[in-house]
Each structure stands twice: as structure tokens, then as C-alpha cells.
Amino acid sequence: MQLAGVGVWSSQLRYGDAAESAEAAAELEDLGYTALWIPDVGGPLFDAVENLLGATSKAVVATGILNLWMHEPVDVAAKYQSLVSAHGERLLLGIGVSHAPLIDAGDPGRYKKPLAATKAYLEALDATEQPVPVDARVLAALGPKMLHLSATRANGSHPYLVTPDFTARARESLGTGPLLLPEQTAILTTDADHARSIGTDWLRNYLGLPNYANNLLRSGFTEDDLTSVSDRLFDAIIAWGDEAAIAGRVQEHLAAGADHVCVQVLDTDPKVYPREQWRRLAPALL
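Note that the structure is a prediction, hence the values are computed from the model and not measured.

**Notes on the overall build of the protein**
Here is step 1: A count of helices and strands for the protein gives 14 helices and 10 strands.
Here is step 2: A compact globule built from 286 residues would reach a C-alpha radius of gyration of about 19 Å, and the protein, at 18 Å, matches this within 12%.
Here is step 3: Oriented by its inertia axes, the alpha-carbon framework of the protein measures out at about 55 × 40 × 40 Å.
Here is step 4: Each of the 286 residues in the protein was classed as buried or not, and the buried ones make up 55%.
Here is step 5: For the protein, the exposed surface amounts to about 11900 Å²; the carbon and sulfur share of it is 52%.
Here is step 6: Separation of charge centres in the protein, based on 22 positive and 36 negative side chains, amounts to 6 Å.

Structure, rendered in C-alpha cells:
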């Protein structure tokens, strides 16, 4: 699978009303977005995937990410084969280890050795009767060892909450072949105070997760940046401004070596589909 252009990363498409998700997916494809990315923090993931595949005919539907603690490899492989048989090879499985606070909340101590757990999961996928093809899976990878695994046991990496500088380093680590598909968060407003009122608490929630915090520290941010959600950190992670400003940030990722960028639009109400913003951004992004 080769994936280029710009996609949409959306929790609404995953957890919102199924009928509206299908309607929005069809419009996003018509607008020219090449992929629809959805998260997985519990619930029937493949029901949402099937809904989006059924509403579209060309766009890739991608998991960002399939939480490996929540899905048995044999079930994933069987569902993958069923969906691609019905809808064509438009399903990309982004696979990841998620975060200890989420996984351990219901089963303390379950989250451990994330690199080894990912290797074991991929081995189990490969051992199924109809394995998920290597080129149809990418890994959530931030650290060097997981990036290496992305290049050798998958078709590349889907990093989340990263900067264009990270994208450049990840491309160097991955080499020229594997896909690099970063997520970019965006707020379509030219009002700095309004942008921060939308994005600060959203960002703070992620900064409490060690995987993201450690990667940002490796990237040159300080503990104070993370604790205070500094303007420096906010502006580096969240692209805000007009359509040209957000398109400019996407182009920075592409220039740094990304094959495809998926844009997550934040708005005041996180449950509302940001359809007007998707429409406004399409001419600039696509």
C-alpha cells in the first residue's frame, strides 16, 4: 500500500453517530482527502472501520492506532481479510501499544515491555491462517527501537503528537522505503487566546502520558515546557492560524520526509464534527 497526500484524523468518525460519520466520510473523500484515520481507546473498532469503508470507494481507512492489548491477533487477521475482500485493499492497520494508564486501569500491571509486546503481536499476526500483509500495517513509533521495528516488521510508522523536526529524524531512522505518516493537530483560528483556550487542556492530557512526554523531552523540550504547556511547546505541536498557516505546517512535515500527513482539527466542542473546518482547509491542503 502506498499512501500520499493529506488525510483526516478524527475521533468523531470513530465514536460519533454512525450515520453522520458515513456522511462525513463520503464528503471528505469527495473533497480529496486520501485517508480517514480513527483512534482506538475501546469499543468495537471494526464496526467503525466497516462503516467508513462502506461510505467511501477510494479513500484509505486507517487505524491510528489499533490498541494491541484490546484485540486478539487471530480476530484482527480474520476481520482484515473480510473487510478487504468486501471493500478492496483500502484498510491500513496502524498498530500500537497505547499507554500504561489506560491499559493498567482495568488490569494493573498488564502494560509492560512495550517493544517486546509489539514484536509478539506482529509474530502472532504473521502466524494466523491468513496473515495481515506487512505492507498493510504500520506502527505507532516514537523511540528509535520502535522506529526500527516499524521499518523491519511493518510498512513504516504513524507517529502522533510530533513536530516536523521529529519527522526529519524519523525519516533518517526509517530510511527511504518505509512509509512515514505523522499526525498534525490543527486549530483554524487566528486568535491566539482562542487557540489556547481550545488546545491547552487537550495537549495537557497527552503530556501526562510517559510515551509522549519522554519523546518531547528527547526532542529538546524541557520539563517546564511540559508542566506549564509553554507557548513554545504549544506552537510546535499544534498548528493554528488561517488555512495557509496550517497548510504550511503540513508542508513542513512533507519536506522533512513524510509520505502523508493526517490532520486532526480541534474545535470548542470535541464531540462536534469539524466539517466546516475540513471544507475550508481542503483547498489549501489538497
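Back to the write-up after that little detour.
**Points about the side chain of His 71**
Here is step 1: Within the secondary structure layout, His 71 lies in the loop between β3 (60-67) and α4 (73-87).
Here is step 2: Among the polar contacts listed, one links the side chain of His 71 to the side chain of Asp 40, at a separation of 2.8 Å.
Here is step 3: Excluding its chain neighbours within four sequence positions, the residues that come into contact with His 71 are Asp 40, Leu 45, Leu 66, Val 76 and Tyr 121.

**Considerations on the packing of helix α6 (residues 114-126) against helix α7 (residues 144-153)**
Here is step 1: Where α6 meets α7, the closest approach of the two axes is 10 Å, and the angle between their N-to-C directions is 15 degrees. By the angle class used here, α6 and α7 are roughly parallel. Relative to α7, α6 is oriented so that their crossing is right-handed. For the pair formed by α6 and α7, the contact residues are Pro 114, Leu 115, Thr 118, Lys 119, Leu 122, Glu 123 and Asp 126 on the first element and Lys 145, Met 146, Leu 149 and Arg 153 on the second.
Here is step 2: Considering only residue class, the contact of α6 with α7 consists of five nonpolar, one polar and five charged.

**Side note on α4**
Here is step 1: When the terminal C-alpha atoms of α4 are compared, their 21 Å separation across 15 residues agrees well with the 21 Å that a helix rising 1.5 Å per residue should span.
Here is step 2: All of the buried residues in α4 are Pro 73, Val 76, Ala 77, Tyr 80, Gln 81, Leu 83 and Val 84.
Here is step 3: Of the surrounding secondary structure, the elements contacted by the buried residues of α4 are α3 (45-55), β3, β4 (91-96) and α6.
Here is step 4: A positive phi of about 85 degrees marks Gly 88, the residue just after α4.

Calculation rules
Residues numbered from 1 in each chain as written. Predicted model: local features only at pLDDT ≥ 70, side-chain atom pairs only at ≥ 80, totals over all residues. Heavy atoms only, no water. Helix = DSSP H or I, 4+ residues; strand = E, 2+ residues; numbered from the N terminus. Rg over C-alpha atoms; globule rule 2.2 N^0.38 Å. Buried < 20%, exposed > 50% of the residue type's maximum accessible area, 1.4 Å probe, protein only. Areas by Shrake-Rupley, 256 points an atom, 1.4 Å probe, with all protein chains shown as cover. Lys, Arg positive; Asp, Glu negative; His and termini not counted. Charge placed at Lys NZ, Arg CZ, Asp CG, Glu CD. Polar contact = N/O pair within 3.5 Å; in protein donor to acceptor, adjacent residues only side chain to side chain. Contact = heavy atoms within 4.5 Å. Axes fitted to C-alpha atoms, helices over the stretch in contact; angles between N-to-C directions. Parallel < 35°, antiparallel > 145°, perpendicular 65-115°, else oblique. Left-handed = near helix turned anticlockwise from the far one by under 90°. Nonpolar A, V, L, I, M, F, W, Y, C, P; charged D, E, K, R; others polar. Expected span 1.5 Å × (residues − 1).

In short, the description is geometric, and any link to function would need to be established separately.
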